Amino acid sequence: MNVMQNVGIGSAINRVDGLQKVTGQARYAAEHPVPGLVYGVIVSGAVPKGRILALDEAEARAVPGVIEILTHKNRPHIAWFDHSHKDMVAPPGSPFKALYDDRIHFSGQPIALVLAESFEVARHAASLVRASYEVEPHNTDFHKAQAERFMPSKKRDSFQPPKNRGDAGAAYEAAPVKVSADFHLATEHHNPMEMHASTVIWEGDGGITVFDKTQGPQNVRDYLAGVFNMSAKNIRVMNPYVGGAFGSGLRPQYQVYLAVMAARMLRRSVRVVMTRQQMFTHGHRPEALQSVQLGAERDGRLTAIRNSATTSTSRYENNMENVVNWGMMNYACENAAGEYAIAPVDTATSSDMRAPGAATGMTFFEMAVDEMAHAAGIDPLEFRIRNYSEIDQMNGTPFTSKALREAYAEGAAAFGWSRRSQAPRSMKEGRELVGWGVATGMWDAMFSKTSASARLTANGHLEVASAASDIGTGTYTVMAQAAADTLGLPVEQITVRLGDSTLPTAPVEGGSWMAASVGAAVQLACRSVAEKLLKAAEKMENSPLGSASLDEVRFAGGRISLRDDPARGVAIAEIMRAAGMDAIEVQETASGGISGMISQMRKSRNTHSAIFAEVRVDEELGVIRVTRIVNAVAAGRIINPKTARSQILGGVVMGIGMAMHEESMADHRYGRFMNHNYAEYHVPVNADIGDIQVIFVDEPDPEVTPLGVKGVGEIGIVGTAAAVANAIFHATGKRVRSLPITIDKVFDANPLP
Amino acid sequence: MPEAVPPAPAAILAAMPITLTINGRERRLSVEPWVTLLDLLREREDLTGTKKGCDHGQCGACTVLVDGRRINSCLKLAVSLDGASITTIEGLADGSRLDPLQQAFMDHDAFQCGYCTPGQICSAKGLLNENQAPTRQEVQELMSGNLCRCGAYTNIVDAIMEVLEARGEARAASAEAAR
Ligand code: FES
Ligand code: FES
C-alpha cells in the first residue's frame, strides 16, 4: 500500500498508548509484580503541631505477619542537611523529612510505616499503632494567617515580581468608574485518580529500581540519591504510566522516601501506596486572597489596575506563585501596580497545581474585569476588546504571537455571544435563569532543555527515547508524531520509550513545556538520523539522490526521495544494507540556545484563550448547572488536535470544579482537612459536565519554540472558573467573590444594583 | 483503652476456600475473609487492570462485572462471591478482538492518564447490560459513579453513545434534555 496516512505533526491520530490503557495492560506504580514483596502502610499523625511523646507499637507488632515498624526512633540514617533533601523543584525552605524526629508539622504527617507480608496485615496493624503527643498551638486559618503575611528574602526561582507602571493609586482615585473587589479561593487538592504509590525493587546488589508515581523520574532519582547518600547510578526510577498528577507528582512525595527507606532497612522489595485520605496530607493549590481595584473612563478604557494577592504556604517552606502579573500583562492600561506575599499555615507546603498562579490570579482578575464592564455598562466581551493590548503591558515587550483577538471572535461566534442580552437576570428559559459569561485565559509558553535518542534499525523500526513523562498529557503520542514527521515512518514502526531515569535527560513534566521541548529533541535526533542516512545514500553506487541536502529530499513510506523529482528515491532499508549498517543510533539535545535566550528577554511567550460559559440557575432550589462552555485557545502549533483537545477538556472540567465544587475544608480546631475523601471533596462527575467545545485558533509562531508549539496542559483551566462565575452573575445579578460558588453562597449574596 | 484491643487476627482470619470464575477461567482460591475482591485481583491474581482510586466505593475505578452486573470491587469481600463469575478489563476483549467499547474509547480519546478507564469501560459494559440508558443525559447520570479527574467525561459519553447507536439502542434525547 502506498497511501500514507498522515501521522506527523498536526494530525489527529489516536493516542499511541491507548491500547494498553483500554485493555488494562498499562501498569502504574503500584502494579509491577515482584516476588516476596513487603507491603507498607503509612500511619498518619492526628495532631497538627507538637511532638510525639510516645508510640505504642506493641499490639501492632504482635500481629502475625508484621515484619517491622519504621518510626523516627528506629529509622536508618538519612542525610542531615536540608540541602540533601531538596528536589529540583523544591521551593526555598527546609523540606519535610518523614520520620526524621519527633516533631509534628502538619496534621496527617506520617509517623510510622508498618511493614508486613500482606497488605491486609499491614493495614490492620497500622490501625493498632497508638501515639501520644505534646500538642502545641497551631493555626490553619488562612484569614488569621494574614497577620503573618510576608515576602521571603529568598524567592522561589520561578517567581517573577510584578513590575509597576505609572501611578496606579492616583489614577484609581481619579477614575470616574471604579470597581474594588476582594476574592477568596479555597484550598484545592490535586486528587489524581491514582494515589501516590511506589514499588521499590531491591536488586540485591545494593541497587534499587523504583516504580514511582512522579512527573519526573530523574528528579526522584536525584532526590533519593541525596537523601540516602546513594550513587545515582544505583537508582533507576521508572514511571511509564502515571495515573494523573496535575502537579502533585512534581516533587517526590513521602511514600517514595518511606518505601526506599524500608527497602534499605529490610533489604527487600517494598510497596507503599497512600490512601485517598493521605492524598490530602501533602501538596495542594494554595488558599488565596486577592483584591483587585480597577479604574476606567466612562467609555470603558482602563486607567488603573491595582492587584494584590496572598497565597498560603507552610511554616517550613516558602511556596510562591505568580498570581498578580497576568492581568497587568494582558490589558492596555497606563497605570498598574501589583503586590504579592505569602502567609504560613500549619499544613503541608502548598504546591503547584495545574496552572499555578494563573488559575488563581487570572481567574479573579477576569471576575473583576466583568464587574468593571458591568459598572461601565459595556458588554464584557466588548470591554475586553476595547482594552486589548498587542504587547505584554507589564514587561513592555512584544509577544512572539498573540491571537487572542481571533480567539475572542471565533469563540463568540461559536457560542452565539451576539444573542446575549446585557442586563443580568434578563435571560430566562422555563423556570431557569440563564447566564452567559466570558473570560480570558493566559499561560506561559515555555521551553526546557531536553535530550532524546533515536535508534533506527535496518528493518525500518525506529525507537525514540527520553526520560520524559506522560501523565495523560499525550507525551508518547507527541514523541511518535515528531519522529514520524521527520522520518516519514508509520507510527506502527515507531516505539517510544519514556518514564525511565536511565534515558536521555528530560525535565519534569509540568508547566506545559513538555510537548514543545521533547518534541523538539525527538525531531533533532531524527534529523540527525536522516543526515546520516543521506550521507550513506550519497556513497551508494550511482547514488539515486546525488548530493541532495536534507531540505531537498522527502522522507515518506520508508523511502527518501527528491522533492523535485519524487520518482528518484531509495528505500531506507536499502541504504542501510548498502552501507552495511545494522542500526543508526544518535542522541541530541534541544535547547533554546543563546539566540533563544536573547529573544526570550526581548519577547514574551504566552498562550491565550477566550472562554465562554452558559449556566442555568433554578433559583427556587439554588441549583446551578454549567450547560455549555466554548474555549477558544491560541497555543501556536498543535501537534495532535485530538489529544490537545482532551487537555483543554480536562482543564475546563477542573475549572468547573474550581468554580463550583472543589474545596478542602479544614476544621481549624483540629487543623485538619476534614473532607479528605472523594465523597466530600467534590470533583466534577459526568452529570456535572455539559457541552464543551474546544477551538484552536490559527497561530503560526516559528519563533516561540523550535516546533512552534506552545503547550496546552494548563491553559484550559485558566479563566474557566471566571467565565462560569461571570455567567452566574449574569443569570442571577449576584456577585459571589469566593470560589467555589456553592448554593449557600448564591442564596446569601445580595443582588447588585 | 486496653479493653478495645481486638482479638488476634490470625486466629479469626483463617483462609477460606472459594471458587471464582475470573475472565472465563475457574480459579480455586484460598482467601482470608478480610480480602476485598479488588485486592484479590490486584495483589494475588496479578490482574492490575482493575484500579484502586479510593478503596471506599467513592470513585468507581475498581468497577468490575460480577455475573454481568457492575460493582465496586473495593466494597466486596472476595469470600462473599464464592461461585460467582467475574469479568475484569483484561477479560473484555475476545482474543485480539476488542470489545466495541474499548475501540470507541480509543477513537474518542475517552481518557488521558487511563487510570479511571478500566472502571469506566466495565461500568459502561454493565450499563449496556442494564438496558436502561438510551439517552445521552441518562448515560451521563448513570456513569456518574465513575470519576475521571482528567475530565474526559464528554468523550466518554461520546464513546458510549457510539456503541449504543451501533446497537440501535440509542434514543435521541427528549426535547427538554436537548441542549
Ligand atoms: S476504589 Fe472502589 S470505588 Fe474507588
Ligand atoms: S483518564 Fe485520568 S482519571 Fe480518567
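Bear in mind that the values here come from a model prediction, so they are computed numbers and not experimental data.

**Let's talk about the overall build of chain B**
A count of helices and strands for chain B gives six helices and five strands. In chain B, the order of α-helices and β-strands from amino to carboxyl end is α-β-β-α-β-β-β-α-α-α-α. Within chain B, buried positions represent 54% of all 179 residues. Long-range contacts, defined here as pairs at least 24 residues apart, represent 55% of the contacts in chain B between residues at least 6 apart. Only carbon and sulfur atoms are counted for the fraction: they give 50% of the accessible area of chain B, which is about 7,500 Å².

**Focus: the interface of chain B and chain A**
At the junction of the two partners, chain B supplies 53 residues and chain A supplies 67 residues. Taken together, chain B and chain A are joined by eight salt bridges. The interface formed by chain B and chain A contains 31 residue pairs in polar contact (both at pLDDT 80 or more). Broken down by secondary-structure element, the contributors of at least two residues to the side of chain B that touches chain A are helix H1 (9-12), helix H2 (37-44), helix H3 (100-107), helix H4 (117-130), helix H5 (136-142) and helix H6 (153-166) of chain B. Take the side of chain B that touches chain A: its biggest share by element is five residues, from H6 of chain B. Taken together, the residues of the side of chain B that touches chain A break down into 25 nonpolar, 14 polar and 14 charged.

**Digging into the packing of helix H6 (residues 217-227) of chain A against helix H7 (residues 254-266) of chain A**
Residues and elements named next belong to chain A. Where H6 contacts H7, the two axes come as close as 11 Å, and the packing angle between them is 50 degrees. Here H6 lies oblique to H7, going by the angle between them. H7 is crossed by H6, and the crossing has right-handed handedness. Contacts from Val-220, Tyr-223, Leu-224 and Val-227 of H6 reach H7 at Val-256, Tyr-257 and Val-260.

**Some remarks on the domain arrangement of chain A**
Residues and elements named next belong to chain A. Assigned domains within chain A: domain 1 (18-26 + 448-591), domain 2 (38-137 + 193-245 + 249-280) and domain 3 (355-446 + 603-748). For domain 1 versus domain 3, the separation of C-alpha centres amounts to 38 Å. In this assembly, domain 1 packs against domain 3 so that about 1,200 Å² is buried in total across both faces, 59% of it on carbon and sulfur atoms. Run the count over domain 1 and domain 3 and you get zero salt bridges. If you look at where domain 1 meets domain 3, you find five residue pairs in polar contact (both at pLDDT 80 or more). Here the residues of the side of domain 1 that touches domain 3 sort into five nonpolar, eleven polar and no charged.

**Regarding the environment of Glu-680 of chain A**
Residue and element names in this part refer to chain A. Among the structural elements, Glu-680 can be located in the loop between strand E29 (672-673) and strand E30 (691-696). For Glu-680, a relative accessible area of 46% corresponds to the partly exposed category. Spatially, the C-alpha atom of Glu-680 lies 25 Å from that of Lys-49, the residues being 631 residues apart in sequence.

**Quick word on a negative patch on the surface**
Residue and element names in this part refer to chain A. Residues Asp-551, Glu-552, Asp-564 and Asp-565 make up a contiguous surface patch of negative charge. If you trace the backbone, Asp-551 turns up in the loop between helix H13 (514-538) and strand E22 (553-556). Judged by its relative accessible area of 58%, Asp-551 is exposed.

**Some details on H13 of chain A**
Taking 1.5 Å of rise per residue, the 25 residues of H13 of chain A would be expected to cover 36 Å, and the 36 Å separating its terminal C-alpha atoms lies within 8% of that figure. Judged by how many residues are buried, H13 of chain A sits mostly within the fold: 18 of 25 residues are covered.

**Here we look at the sheet that holds strand E12 (residues 288-296) of chain A**
Spatial strand order, E14-E13-E12-E7-E31 (chain A): five strands in an open sheet with mixed pairing. At either end of the open sheet lies a strand with only one pairing partner, and these are strand E14 (336-344) and strand E31 (738-739) of chain A.

**Digging into the nonpolar core**
The tendency in soluble globular proteins is for nonpolar side chains to be buried as a group. Counting 242 residues, the largest nonpolar core has Leu-224, Leu-462, Val-464 and Leu-533 of chain A together with Phe-105 of chain B as its most contacted members. The dominant element in this core, judged by the number of residues it contributes, is H13 of chain A, at 14 residues. When neighbours within four sequence positions are excluded, Val-464 of chain A is seen to be in contact with Ser-453, Ala-454, Met-479, Ala-483, Ile-494, Thr-495, Val-496, Arg-497, Val-522 and Cys-526 of chain A.

**Remarks on the packing of aromatic side chains**
Geometry of an aromatic ring pair is reported as the spacing of the ring centres plus the angle between the planes. Residue and element names in this part refer to chain A. Within this structure, the stated rule accounts for 17 aromatic pairs over all chains. Geometrically, the ring pair formed by Tyr-28 and Tyr-241 is tilted, given 5.9 Å between the ring centres and 50 degrees between the ring planes. Taken together, the residues Tyr-28 in the loop between helix H1 (18-22) and strand E1 (38-44) and Tyr-241 in the loop between strand E10 (235-238) and H7 connect sequence positions 213 residues apart. With 5.5 Å between their ring centres and 70 degrees between their planes, Phe-280 and Tyr-681 make a pair best called edge-to-face. Highlighted residues: Phe-280 in the loop between strand E11 (270-273) and E12 and Tyr-681 in the loop between E29 and E30, separated in sequence by 401 residues. The same class applies to Phe-280 as to Tyr-681, namely buried.

**A closer look at unusual backbone geometry**
Of note, the amide linkage connecting Leu-739 of chain A to Pro-740 of chain A takes the cis form, showing an omega dihedral of 0 degrees. Residues other than glycine seldom take positive phi values, yet Ala-355 of chain A does so here, at roughly 55 degrees. Here Ala-355 of chain A lies in the loop between E14 and helix H9 (358-376). Taking relative accessible area as the criterion, Ala-355 of chain A reaches 0% and is therefore assigned buried. The backbone of Asp-46 of chain B sits at a positive phi, close to 50 degrees, despite the residue not being glycine. In this structure, Asp-46 of chain B sits in the loop between H2 and strand E3 (63-66).

**Describing the domain arrangement of chain B**
All names here are of chain B. By domain assignment, chain B separates into domain 1 (1-91) and domain 2 (94-179). With 15 residues of domain 1 in contact, the opposing surface of domain 2 contributes 17 residues. Of the roughly 1,200 Å² buried between domain 1 and domain 2, counting both surfaces, carbon and sulfur atoms make up 54%. Here domain 1 and domain 2 share one salt bridge between them. One salt bridge in this structure joins Glu-130 and Arg-70, with 2.8 Å as the shortest N-O distance. Viewed at the interface, domain 2 and domain 1 are joined by nine residue pairs in polar contact (both at pLDDT 80 or more). Here the side of domain 1 that touches domain 2 gets three residues from one element, more than from any other, and that element is E3.

**Considering the packing of H9 of chain A against helix H17 (residues 720-732) of chain A**
Residue and element names in this part refer to chain A. Here H9 crosses H17 at 30 degrees, and the two axes come no closer than 8 Å. One way to sum up the angle between H9 and H17 is to call them roughly parallel. When you trace H9 past H17, the crossing you get is right-handed. Facing Thr-363, Glu-366, Met-367, Asp-370 and His-374 of H9, the residues of H17 in contact are Ala-721, Ala-722, Ala-725, Asn-726 and Phe-729. For the contact of H9 with H17, the residue count by class is five nonpolar, three polar and two charged.

What counts, and at which threshold
Residues numbered from 1 in each chain as written. Chains lettered and ligands numbered in written order. Predicted model: local features only at pLDDT ≥ 70, side-chain atom pairs only at ≥ 80, totals over all residues. Heavy atoms only, no water. Helix = DSSP H or I, 4+ residues; strand = E, 2+ residues; numbered from the N terminus. Buried < 20%, exposed > 50% of the residue type's maximum accessible area, 1.4 Å probe, protein only. Contact = heavy atoms within 4.5 Å. Areas by Shrake-Rupley, 256 points an atom, 1.4 Å probe, with all protein chains shown as cover. Salt bridge = Lys/Arg side-chain N within 4 Å of Asp/Glu carboxyl O. Polar contact = N/O pair within 3.5 Å; in protein donor to acceptor, adjacent residues only side chain to side chain. Nonpolar A, V, L, I, M, F, W, Y, C, P; charged D, E, K, R; others polar. Axes fitted to C-alpha atoms, helices over the stretch in contact; angles between N-to-C directions. Parallel < 35°, antiparallel > 145°, perpendicular 65-115°, else oblique. Left-handed = near helix turned anticlockwise from the far one by under 90°. Domains from an automatic or database assignment. Buried area = accessible area lost by both parts, 1.4 Å probe. Patch = residues over 30% accessible without salt bridge, like charges linked within 9 Å, V, L, I, M, F, W, Y side chains within 5 Å. Lys, Arg positive; Asp, Glu negative; His and termini not counted. Charge placed at Lys NZ, Arg CZ, Asp CG, Glu CD. Expected span 1.5 Å × (residues − 1). Pairing = 2+ DSSP bridges. Core = buried A, V, L, I, M, F, W, Y, C linked by side-chain atoms within 4.5 Å. Phe/Tyr/Trp six-rings, centres within 6.5 Å; stacked < 30°, edge-to-face > 60°.

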